[in-house]
Amino acid sequence: MTDPFPPEVAEQIARHMNDDHADDNVLIVRALGGMPSATAARMSGLDADAMEFHAVVDGIEVPVRVPFSERLTERRQVRAEAVRMYREACAELGVEPHH
């Protein structure tokens, strides 16, 4: 089976998340990544099982891996999973989703 997330695809997805959803990244890392005091987070990659972030916690950059709800087999599944993560993070943190 071909990897649905070769480096160039992972980079495109990370660029989109970082450019268009930077605040969402922080919420996801705080609520679902076990880093409630994160002040910043940039998506650094992904594979079929999780999104990976570099988060700033107490002034130190740390890696954070946030698992998907299921193993992804196609690129198109990433958007739905990112939305699910965002909405779940908002609910957990008591934040009103803005999209």
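Residues numbered from 1 in each chain as written. Predicted model: local features only at pLDDT ≥ 70, side-chain atom pairs only at ≥ 80, totals over all residues. Heavy atoms only, no water.

Engineer: Describe the nonpolar core, with residues and values.
Structural biologist: Core analysis: the largest hydrophobic core is formed by 31 residues, its most contacted members being F5, I13, M43, L46, M51, F53 and A55. Where this core is concerned, the elements lending two or more residues are α1 (7-20), α2 (22-32), β1 (38-46), β2 (50-57), β3 (60-67) and α3 (77-93). Take this core: its biggest share by element is 6 residues, from α3. (Core = buried A, V, L, I, M, F, W, Y, C linked by side-chain atoms within 4.5 Å. Buried < 20%, exposed > 50% of the residue type's maximum accessible area, 1.4 Å probe, protein only. Helix = DSSP H or I, 4+ residues; strand = E, 2+ residues; numbered from the N terminus.)

Engineer: So what's going on with the layout of surface pockets? Residues and values would help.
Structural biologist: Here the largest pocket defines a volume of roughly 320 Å³. Every residue lining the largest pocket is counted, 15 residues in all, and those nearest its centre are H16, M17, H21, R79 and A82. Of all the secondary structure elements, the ones that give two or more residues to the lining of the largest pocket are α1, α2 and α3. A total of 5 residues in the lining of the largest pocket trace back to one element, the largest contributor, which is α3. Along the lines of polarity and charge, the residues of the lining of the largest pocket split into 7 nonpolar, 4 polar and 4 charged. (1 Å grid on protein atoms, 1.4 Å probe; cavity = no way out; pocket = protein on both sides within 12 Å on 5 of 7 lines; lining within 4 Å. Points joined across faces, edges and corners; volume = space filled by probe spheres on them. Nonpolar A, V, L, I, M, F, W, Y, C, P; charged D, E, K, R; others polar.)

Engineer: How would you sum up the pairing of β1? Please name residues and give values.
Structural biologist: Across a regular strand the side chains alternate sides, sitting on one face of the sheet and then on the other. Note: β1 against β2, 7 bridges, orientation antiparallel. Looking at the pairing, A40 lines up with V56 of β2. (Pairing = 2+ DSSP bridges.)

Engineer: Describe the confidence of the model for the protein, listing the residues and the values that go with them.
Structural biologist: The predicted model of the protein averages 95 in pLDDT, with 99% of residues at 70 or higher. Considering each helix and strand of the protein separately, the mean pLDDT is smallest for α1, with a value of 96, and largest for β3, with 98. (pLDDT = per-residue confidence, 0-100.)

Engineer: Please set out the packing of α2 against α3 residue by residue, giving values where relevant.
Structural biologist: Relative to each other, α2 and α3 sit at 65°, their axes nearing to 8 Å. With respect to the hand of their crossing, α2 and α3 are arranged in left-handed fashion. Counting all contacts with α2, which are made through D24, L27, I28, R30, A31 and L32, the residues of α3 involved are A82, M85, Y86, E88, A89, C90, E92 and L93. Residue composition of the contact of α2 with α3, grouped by class: 10 nonpolar, no polar and 4 charged. (Axes fitted to C-alpha atoms, helices over the stretch in contact; angles between N-to-C directions. Left-handed = near helix turned anticlockwise from the far one by under 90°. Contact = heavy atoms within 4.5 Å.)

Engineer: Give me the UniProt feature "domain: DUF2470" (unreviewed entry) in the protein: which residues, what numbers.
Structural biologist: As recorded in UniProt, the sites labelled "domain: DUF2470" (unreviewed entry) are residues 11-85. Across residues 11-85, the secondary structure splits into 40% helix and 33% strand, with the terminal C-alpha atoms separated by 19 Å. (UniProt positions renumbered as here; feature names shortened; annotations may be inferred.)

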